[in-house]
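In case you want the letters, here they are:
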Number of protein chains: 2
Amino acid sequence: MLVDPKAISPAALYQFMISVVVPRPIAFVSTISGDGRLNAAPFSYFIPLTNEPPLLGISINRRRGVLKDTLRNIEDTGEFVVNVVGEPLAERMVRTSGDWPEDVDEFELTGLTPVASERVKPPRVGESPVSLECRRHQVIELGATSFVVGEILLAHVNDQVLTEGRVDVAKLRPLGRLGGDGYSVVRDVIHLARPRVEPRPA
Amino acid sequence: MLVDPKAISPAALYQFMISVVVPRPIAFVSTISGDGRLNAAPFSYFIPLTNEPPLLGISINRRRGVLKDTLRNIEDTGEFVVNVVGEPLAERMVRTSGDWPEDVDEFELTGLTPVASERVKPPRVGESPVSLECRRHQVIELGATSFVVGEILLAHVNDQVLTEGRVDVAKLRPLGRLGGDGYSVVRDVIHLARPRVEPRPA
């Protein structure tokens, strides 16, 4: 089958794109508005960019209502926290993704615990196994989306997801985003080492 | 545990970032050099950006050898193909990720089949279930990385991964990238619908 993006509707194109770029990591983003209201919303257009400096990116479509609260808060305060979503958080995270009015505090809505951050104003999600405190580095406009680039200032890792001081994916149990309303869980892990290539003799 | 990016080595920071932003989708990117040499290499810093227009992004670290062939080819020709990696492609994809000299054709190396694209010069990977022919939209320098933004011109989907005309994740069997040398497979799919929020009465 051939899919020509110009020959299908924007909605069909969106459904196609989210069904083939899979599985996607989820950034559960907590922010605070200029007047102190908390917000939390999930995004799966999420990418690590580089470790020099530690940058990550989140694409926030300007046309979707609830997402705009996050974008506006990041634009207003320059700060946000990316919380990792393990399986036990799944249902509460999805509940925050509704098109809730601007004055709804998704922490209250879902019973999640806002815990004070160390270097930024927005709180992290206490139930999240890993939280990344971020400062806005740049916001890049690309078509209908705002691509928010943030620098990680500090990371919190719950000791329960560590094995010998490292994050253990079997304990992290990260949720991945698929097409439609699907999510993947990490059950089996395959290990495939990158090949070592010896330099050719001169 | 607290992780302060400024207090650990770049290598440790890289390992930390790839272990917490998981699972990541994989872009197996095929390109062609100005003088006609083929190249294929996998990237897991990969994101859909928006469907208006259909943009995706790949972060290519300028310091890693093999990746530079892909970046240089995209800069030279303005074109690339993103091939989706299903489980049956795993070992050949990983084999291409070695630091092969510039004149190595990873199609030949792995026995993958270059199939002529319709709208761009680089071939797609014949064994891939889905291939996205892309044109460079923009390359954005961010710290040590080049963030390549491409527009999808045309998508090829193998009919074997379709169910009633839609991509079926159980047939696609996408590989996800984890930390270390780990990869996830999609076995169980959880369905969680986004809540419907009724507008408040005026």
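These numbers come from a predicted model, not from an experiment.

**Regarding the overall build of chain A**
- Summing up its helical and strand segments, chain A has 5 helices and 15 strands in all.
- Taking 2.2 N^0.38 as the reference for a compact globule, 202 residues should give roughly 17 Å; the C-alpha atoms of chain A span a radius of gyration of 18 Å, in line with that estimate.
- By principal-axis analysis of the C-alpha atoms, chain A measures approximately 65 × 50 × 35 Å.
- Here the contacts in chain A between residues at least 6 apart in sequence split such that 61% fall between residues at least 24 apart.

**Things to note about the sheet that holds strand β14 (residues 182-185) of chain A**
- Spatial ordering of the open sheet is given by β13(A)-β14(A)-β15(B), a layout of 3 strands whose pairing is antiparallel. Each of the sheet's edge strands pairs with one partner strand only, and the pair in question is β13 (175-177) of chain A together with β15 (189-191) of chain B. Adjacent strand axes in the sheet meet at a mean angle of 40 degrees, parallel and antiparallel pairs treated alike.
- Both β13(A) and β14(A) contribute to a ladder of 3 bridges, which runs antiparallel. When the sheet's bridge partners are listed, A:R177 is paired in β14(A) with A:Y183.

**So, the interface of chain A and chain B**
- Tallying the contact residues gives 93 residues for chain A and 93 residues for chain B.
- Broken down residue by residue, the surface that chain A buries against chain B is led by A:M1, A:L192 and A:R194, which jointly contribute 9%.
- Our enumeration of links across chain A and chain B arrives at 6 salt bridges.
- Top element by residues in the side of chain A that touches chain B is strand β10 (residues 145-157) of chain A. It accounts for 10 residues.
- Its residues placed into classes, the side of chain A that touches chain B shows 57 nonpolar, 18 polar and 18 charged.
- Sheet topology note: the strand β15 (residues 189-191) of chain A/strand β14 (residues 182-185) of chain B ladder contains 3 bridges and is antiparallel. When the sheet's bridge partners are listed, A:V189 is paired in β14(B) with B:S184.

**Looking at the relation of the copies chain A and chain B**
- Taken as rigid bodies, chain A and chain B are interconverted by a rotation of 180 degrees and an axial shift of 0.0 Å, the fit giving an RMSD of 0.0 Å. Such values leave the two copies arranged in the relation of a two-fold axis. Relative to the rotation axis, the closest C-alpha in chain A is found at A:R24, a distance of 2.7 Å.
- The residues that chain A uses at the interface reappear at the interface of chain B in 100% of cases, marking a shared surface.

**Re the packing of aromatic side chains**
- In total, this model carries 1 aromatic pair over all chains according to the counting rule given.
- Over the aromatic face of A:Y183 sits the side chain of A:R177, whose NZ or CZ is 4.6 Å from the ring centroid.

**Description of the environment of B:S30**
Residue and element names in this part refer to chain B.
- Looking at the element boundaries, S30 is found in strand β2 (residues 27-32).
- For the pair S30 and N73, spaced 43 residues apart in sequence, the C-alpha separation works out to 9.5 Å.
- Each residue touching S30, except ones within four places of it in the same chain, is listed here: N39, A40, F80, V81, N83, F107, P122, P123, R124 and V125.

**As for the sheet that holds β15(A)**
- Taken in spatial order, the 3 strands line up as β15(A)-β14(B)-β13(B) in an open sheet, and their pairing is antiparallel. Among the strands making up the open sheet, the edge pair consists of β15 of chain A together with β13 (175-177) of chain B. Each adjacent strand pair in this sheet contributes to an overall mean axis angle of 40 degrees, direction not counted.

**A few points about the pairing of strand β4 (residues 46-51) of chain B**
All names here are of chain B.
- Counting buried positions over the 6 residues of β4 gives 6, a clear majority of the element.
- As paired strands, β4 and strand β5 (residues 54-61) are joined by 5 bridges and run antiparallel to one another. Its bridge partner lying in β5, I47 is registered against G57.
- Linking two consecutive strands that pair antiparallel, namely β4 and β5, is a turn of 2 residues.

Parameters and conventions
- Residues numbered from 1 in each chain as written.
- Chains lettered and ligands numbered in written order.
- Predicted model: local features only at pLDDT ≥ 70, side-chain atom pairs only at ≥ 80, totals over all residues.
- Heavy atoms only, no water.
- Helix = DSSP H or I, 4+ residues; strand = E, 2+ residues; numbered from the N terminus.
- Rg over C-alpha atoms; globule rule 2.2 N^0.38 Å.
- Contact = heavy atoms within 4.5 Å.
- Pairing = 2+ DSSP bridges.
- Axes fitted to C-alpha atoms, helices over the stretch in contact; angles between N-to-C directions.
- Buried area = accessible area lost by both parts, 1.4 Å probe.
- Salt bridge = Lys/Arg side-chain N within 4 Å of Asp/Glu carboxyl O.
- Nonpolar A, V, L, I, M, F, W, Y, C, P; charged D, E, K, R; others polar.
- Least-squares fit on C-alpha atoms with pLDDT ≥ 70 in both.
- Phe/Tyr/Trp six-rings, centres within 6.5 Å; stacked < 30°, edge-to-face > 60°.
- Lys NZ or Arg CZ within 6 Å of the ring centre and 35° of its normal.
- Buried < 20%, exposed > 50% of the residue type's maximum accessible area, 1.4 Å probe, protein only.

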